[in-house]
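Working through the structure, step by step
Each chain, letter by letter, is given below.
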Amino acid sequence: MKHWIAPSILSADFSRLGEEIHDVLDAGADIIHYDVMDNHYVPNLTIGPLVLKSLREAGITATMDVHLMVKPVDQLVSEFVSAGADIISVHPESTEHLHRTLGIIRDGGAKPGIVFNPATPLTALAEVLDLVDLVLIMSVNPGFGGQKFIESSLNKLADAAEMIASSPRDIRLEIDGGINPDNIAAAADAGADTFVAGSAIFSSNDYAATIKAMRDALG
Ligand code: DX5
Ligand code: ZN
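My aim in this report is to walk through the structure given alongside it, one point at a time.

1. What to know about the overall build of the chain
- From N to C terminus, the chain includes nine helices and eight strands.
- Radius of gyration (C-alpha) of the chain: 16 Å, near the 17 Å computed for a compact globule of 219 residues.
- C-alpha atoms of the chain, sized along the principal axes, occupy 45 × 35 × 30 Å.
- Looking at the chain residue by residue over its 219 residues, the buried ones come to 51%.
- Considering only contacts within the chain whose residues lie at least 6 apart along the sequence, 63% involve residues at least 24 apart.
- Averaging the coordinates of the 14 positive side-chain charges in the chain and doing the same for the 30 negative ones gives two points 3 Å apart.

Given below as structure tokens:
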């Protein structure tokens, strides 16, 4: 599967969000990672479906990879589908009925994803492997950009990669948290094909050079 680099706009300059998205896309990003936080499921507050709708209306057509860190989640899933999300990922802890939530995403026409926190076992994955197009492994505790990569995530990536390999379907394996040009290759070796990077890209003064360094590391 082709490697995808997914800048997280959590670390972008929100006063110039549209421009920042155009800049990372011009710099070689494949998709845009859109972090949604509610100050309840995670201790931080970001942006909702209105902002995504505005970005679409402003002509941004890139694949939007929406990572929902909100609880409850079902109502917002529907709103993000209407706003133009392409991929919507949810945490099993954020819904009483994961199977139903993934169904709402699929029925709305978006691709469903499931997210595992550092302390959450992959147990639920076997039950919903047929229902997801993306598995996201958190390599930090969700809520903030700029945290340190948790090394044990590499083992979890490898376990998830093995489960995905048992499926005849194309399922992406994404890693999120603390990814930079120095550790991206280790994540790829463990099986990741989609790499979220927030601070590593947006805190650098040359987005294209940073994304190129990531691609060079991936080989
Ligand atoms: C954390 C978010 C991440 C975050 C990654 O809760 O899900 O997407 O933006 O930021 P970095 O790459 O700085 O760890
Ligand atoms: Zn994220």
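2. Here we look at the coordination of the zinc ion (ligand 2)
- Coordination sphere of the zinc ion (ligand 2), protein contribution only: His-33 (NE2), Asp-35 (OD), His-67 (ND1) and Asp-176 (OD), at 2.1 to 2.3 Å.
- One can describe the donor arrangement at the zinc ion (ligand 2) as octahedral, given that its six donor atoms subtend angles of 70 to 172° at the metal.
- All donor residues of the zinc ion (ligand 2) come from one chain, and their arrangement in sequence is H-x1-D-x31-H-x108-D. One end of the pair, Asp-35, is in strand S2 (residues 32-37); the other, His-67, is in strand S3 (residues 64-69), with 32 residues separating them in the sequence. Just as Asp-35 is buried, His-67 falls in that class too.

3. Digging into the environment of Ser-152
- Position of Ser-152 among the secondary structure elements: in the loop between strand S6 (134-138) and helix H6 (153-165).
- A relative accessible area of 48% means that Ser-152 is categorised as partly exposed.
- Ser-152 sits 13 residues away from Ser-139 along the chain, and the two C-alpha atoms are 8.1 Å apart.

4. Examining the pattern of salt bridges
- Following the criterion strictly, the structure yields eleven salt bridges and no others.
- Glu-57 is the salt-bridge partner of Lys-53, the closest N and O atoms lying 3.3 Å from each other. One end of the pair, Lys-53, and the other, Glu-57, are both in helix H2 (residues 49-57), four residues apart, so they sit about a helical turn from each other.
- Residue Lys-53 is classed as partly exposed on the basis of its relative accessible area, which comes to 42%.
- For Glu-57, a relative accessible area of 59% corresponds to the exposed category.
- Taking the shortest distance from any N to any O, the salt bridge between Asp-133 and Arg-169 comes out at 2.9 Å. Of the two residues, Asp-133 sits in the loop between helix H5 (123-128) and S6 while Arg-169 sits in the loop between H6 and strand S7 (172-176), which places them 36 residues apart along the sequence.

5. Remarks on the sheet that holds S3
- Judged by pairing direction, the sheet is parallel, and its eight strands sit side by side in the order S1-S8-S7-S6-S5-S4-S3-S2 without closing on themselves. A strand with exactly one partner marks an edge of an open sheet, and here the two such strands are strand S1 (4-7) and S2. Across the sheet, the mean angle separating the axes of adjacent strands is 25° when strand polarity is ignored.
- Pairing of S2 with S3, which is carried by six bridges, proceeds in the parallel orientation.

6. Here's the deal with the nonpolar core
- Membership of the largest hydrophobic core comes to 64 residues, with the highest contact counts inside it found for Tyr-34, Leu-68, Ile-88 and Val-135.
- At five residues, the largest contribution of residues to this core is made by H6.
- Apart from residues lying up to four places away in sequence, Val-135 is in contact with Ile-114, Phe-116, Leu-125, Ala-160, Ile-164, Ile-171, Arg-172, Leu-173 and Glu-174.
- Formed by six residues, the second largest nonpolar core is a distinct cluster that contains Ile-87, Val-115, Leu-136 and Met-138.

7. A closer look at the side chain of Ser-8
- Structurally, Ser-8 is set in the loop between S1 and helix H1 (17-26).
- Overall, Ser-8 belongs to the buried group, its relative accessible area being 5%.
- Apart from the residues within four sequence positions on either side, Ser-8 is in contact with His-33, Asp-35, Val-196, Ala-197, Gly-198 and Phe-202.

8. Details of helix H9 (residues 207-218)
- In this model H9 runs 17 Å from its N-terminal to its C-terminal C-alpha over twelve residues, within 8% of the 16 Å that 1.5 Å per residue would give.
- Every buried residue belonging to H9 is among Tyr-207, Thr-210, Ile-211, Met-214 and Leu-218, and all of these are buried. Within H9, the buried residues cover an arc of 95° as seen down the axis, which keeps them to one side.
- Lining the buried residues of H9 we find S1, H1, helix H7 (184-189), strand S8 (194-197) and helix H8 (199-202).
- In this structure Asp-206 caps H9, since a side-chain oxygen of it lies 3.2 Å from the backbone nitrogen of Ala-208.
- A positive backbone phi angle near 80° is found at Gly-219, which sits one or two residues after H9.

Cut-offs applied
All residue numbers refer to positions counted from 1 along the written sequence of the respective chain. All chains are assigned letters beginning with A, and all ligands numbers beginning with 1, in the order in which they are written. Restriction of local features to residues with pLDDT of at least 70 applies here, the model being predicted, together with a cutoff of 80 or more for giving and counting side-chain atom pairs; totals for whole chains, interfaces and linings are based on all residues. As a rule here, side-chain values come from all non-hydrogen atoms in the structure, and water together with hydrogens is ignored. A run of H or I in DSSP counts as a helix once it spans at least four residues, and a run of E counts as a strand once it spans at least two, with each numbered from the N terminus. Radius of gyration here is computed from C-alpha atoms only, and the compact-globule reference equals 2.2 Å multiplied by the residue count raised to the power 0.38. Buried residues are those whose accessible area, probed at 1.4 Å on protein chains only, stays under 20% of the maximum for their type, while exposed residues exceed 50% and partly exposed ones sit between those limits. In this description, contact between two residues means that some pair of their heavy atoms is separated by no more than 4.5 Å. When charges are counted, neither His nor the chain ends are considered; positive counts come from Lys and Arg and negative counts from Asp and Glu. One atom stands in for each charge, and that atom is NZ of Lys, CZ of Arg, CG of Asp or CD of Glu. The rule for donors is simple: an N, O or S atom within 2.8 Å of the metal counts, and for Na, K and Ca the reach is 3.2 Å. Water is not among the atoms, so a site may look short of donors. Any coordination sphere not matching a tetrahedral pattern (four donors, all angles between 85 and 135 degrees) or a square planar or octahedral pattern (four or six donors, opposite donors over 155 degrees apart, other angles between 65 and 115) is reported as irregular. Every case where a carboxyl oxygen of Asp or Glu lies within 4 Å of a side-chain nitrogen of Lys or Arg is listed as a salt bridge. Two strands are counted as paired when DSSP detects at least two bridges linking them. To define axes, lines are fitted to C-alpha atoms, for helices over the stretch in contact only, and angles between the resulting N-to-C directions are given on a 0 to 180 degree scale. Throughout this description, the term nonpolar core refers to a set of buried Ala, Val, Leu, Ile, Met, Phe, Trp, Tyr and Cys residues connected via side-chain atoms within 4.5 Å. Working rule for helices: expected span equals 1.5 Å times residues minus one. When we speak of the arc, we mean the arc of directions from the helix axis to the C-beta atoms. As used in this structure description, the phrase polar contact means that two N or O atoms lie within 3.5 Å; if the pair is within protein, one of them must be able to donate a hydrogen and the other to accept it, and residues adjacent in sequence are counted only when both atoms belong to side chains.

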